[in-house]
Protein chains: 2
Amino acid sequence: MDVEIWSDIACPWCYIGKRRFEAALERFEHGDEVQVTWRSFELDPTAPAEREGERAARLAEKYGITVERAREMERQMTETAAGEGLEFRFDLARSGATFDAHRLIHLAGQHGLQDAMKERLLRAYFTDGELMSDRGTLIRLGAEVGLDEDEVREMLAGERFADQVRSDERTAAQFGISAVPTFVVDRALGVSGAHPPEALLELLREGWARREPAPVVVGGGEACGADGNC
Amino acid sequence: MDVEIWSDIACPWCYIGKRRFEAALERFEHGDEVQVTWRSFELDPTAPAEREGERAARLAEKYGITVERAREMERQMTETAAGEGLEFRFDLARSGATFDAHRLIHLAGQHGLQDAMKERLLRAYFTDGELMSDRGTLIRLGAEVGLDEDEVREMLAGERFADQVRSDERTAAQFGISAVPTFVVDRALGVSGAHPPEALLELLREGWARREPAPVVVGGGEACGADGNC
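Residues numbered from 1 in each chain as written. Chains lettered and ligands numbered in written order. Predicted model: local features only at pLDDT ≥ 70, side-chain atom pairs only at ≥ 80, totals over all residues.

Draft legend 1. Representation of the sheet that holds strand β2 (residues 35-40) of chain B within the structure. All names here are of chain B. Taken together, four strands build an open sheet; the order of strands is β2-β1-β4-β5 and the sheet is mixed. A single partner strand is all that each edge strand has here, and the edge strands are β2 and β5 (189-192). Strand-to-strand, the axes of this sheet are offset by a mean angle of 20°, without reference to chain direction. Pairing between strand β4 (residues 182-185) and β5: four bridges, direction antiparallel. Opposite T182, over in β5, you have S192 as the bridge partner. (Pairing = 2+ DSSP bridges. Helix = DSSP H or I, 4+ residues; strand = E, 2+ residues; numbered from the N terminus. Axes fitted to C-alpha atoms, helices over the stretch in contact; angles between N-to-C directions.)

Draft legend 2. Structural view of the interface of chain B and chain A. Counting residues at the interface gives 41 residues for chain B and 41 residues for chain A. Among the elements of the structure, α1 (12-27), β3 (179-180), β4, β5, α9 (197-211) and β6 (224-225) of chain B are those that each provide at least two residues to the side of chain B that touches chain A. Considering every element that reaches the side of chain B that touches chain A, the biggest residue donor is β5(B), with four residues. Residues that form the side of chain B that touches chain A fall into these classes: 24 nonpolar, 11 polar and six charged. In the sheet, strand β6 (residues 224-225) of chain A pairs with β3(B) via two bridges, with the strands oriented antiparallel. Across the sheet, G225(A) pairs through a bridge with A179(B), a residue of β3(B). (Contact = placed C-beta atoms within 7 Å. Nonpolar A, V, L, I, M, F, W, Y, C, P; charged D, E, K, R; others polar.)

Draft legend 3. Representation of the packing of helix α1 (residues 12-27) of chain A against helix α9 (residues 197-211) of chain A in the model. Residue and element names in this part refer to chain A. At their nearest, the axes of α1 and α9 sit 8 Å apart, and the two run at 55° to each other. Taken together, α1 and α9 sit at an angle that is classed as oblique. Seen along the crossing, α1 lies across α9 with a hand that is right-handed. Residues R20, F21, A23, A24 and R27 of α1 pack against P197, L200, L201 and L204 of α9. Tallied by class, residues from the contact of α1 with α9 come to seven nonpolar, no polar and two charged. (Parallel < 35°, antiparallel > 145°, perpendicular 65-115°, else oblique. Left-handed = near helix turned anticlockwise from the far one by under 90°.)

Draft legend 4. Fine view of the relation of the copies chain B and chain A. Once chain B has been moved 0.1 Å along the axis and rotated by 180°, it coincides with chain A to within an RMSD of 0.1 Å. Taken together, the rotation and translation describe the operation of a two-fold axis. (Least-squares fit on C-alpha atoms with pLDDT ≥ 70 in both.)

Draft legend 5. Spotlight on the packing of α1(B) against helix α3 (residues 67-83) of chain B. All names here are of chain B. Contact geometry of α1 with α3 gives a least axis separation of 10 Å together with a crossing angle of 15°. As judged from the angle between their axes, α1 and α3 are roughly parallel. When the axes of α1 and α3 are compared, the crossing they make is left-handed. Taking contact as the criterion, the partners of P12, Y15 and I16 in α1 are, on α3, M77, T80 and A81.

Here you go:
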């Protein structure tokens with residue numbers, strides 16, 4: 001069964017959602033038969049390499065709230081993340097473009113390292129204060145999960161996987177996906193949001209049930225039976 | 001979209017169903033995106049290399065009807081086939097095991113010639129009076145559709161694709177398929193029988209509609225929107 005997860009790096013619910021999905025997958029009876037693919041979704045495709053100033057101040061301006069209220073929201077998010085075993089350091093986080101990081105995830109996918117790369121990038125952004133648009137950083141993080149440094153360097157210098165990132169985003173638009181994380185099972189069933197493991201497990205089970213062919217309709221159909229009776 | 005068709009060679013409704021399916025596919029809006037796979041299904045896995053006597057006589061004995069009634073059924077089937085542009089020659093048909101013919105269809109699949117091979121074998125059986133268990137015949141028919149004679153000869157001498165034939169049959173059993181042809185779309189929807197093109201077109205359209213993700217459920221899910229609003 002195919003599960004595609006549209007997700008960004010600089011997206012707190014995507015990281016939290018990843019843990020919740022993993023918990024669901026752990027409990028899913030047919031987990032061995034699930035193939036997860038991470039799909040690209042940039043929350044802000046126009047982001048500069050790095051945004052200036054404090055994150056909470058930017059949020060405050062964007063939503064017309066006080067900086068103190070924005071910091072309070074960050075504290076709440078940090079607590080929620082801690083509940084999933086994640087360490088969010090908004091004080092360190094460096095916001096900026098994630099396009100190249102998405103390309104790196106696609107490259108890792110070709111080497112069977114997609115999940116490891118996605119995980120490493122999320123931690124780099126949320127815990128380690130790494131900048132996702134910095135190529136040296138991406139080369140180092142790629143090597144950490146087992147990618148070849150030269151291949152990553154060459155990819156970043158060129159346009160490789162740019163089409164795949166955009167193609168993921170076009171597919172998201174076609175599917176009406178406007179928020180992430182969004183989990184899509186066999187392109188038949190989709191759920192947006194970092195739902196609790198129970199809900200994501202329900203999605204997996206419903207997706208699985210759909211895979212069973214509907215009761216095969218024999219009535220009215222001219223056919224030959226296993227007894228050779230036509 | 002994947003369409004798997006479980007089918008035998010010595011199966012009149014399978015040949016007629018193939019034509020009806022082709023007519024449906026011709027009219028289907030997304031025909032270009034349909035990948036058809038022919039799956040093996042032996043109506044009689046215990047069949048000898050060749051059955052003795054007249055087909056109608058065997059049918060008569062099997063179903064407790066007169067030979068004349070069996071011949072009448074053959075005439076009706078021949079007329080139905082003619083309505084699809086097919087020439088059925090039950091007077092020539094040589095009944096017997098189809099296991100090797102199914103292996104040949106699998107081999108052809110590896111060379112992008114599966115449909116051509118399936119078609120050629122059906123015609124060989126129903127029109128040309130060819131024996132499906134005869135290896136020389138299979139080598140010649142394989143070469144006719146573009147397969148390498150030596151590869152076919154070597155395959156027939158060994159066990160290649162035997163597992164695939166049996167695996168198709170196990171899957172059929174799991175899916176509750178007891179009659180052929182059976183058409184299964186994306187392993188989500190199945191129909192048994194040589195239904196008219198309109199009904200098979202309906203199956204294709206219903207299968208297609210199922211591919212669209214259900215309206216993505218956002219309610220209650222904690223997510224980050226494309227505006228960066230988490």
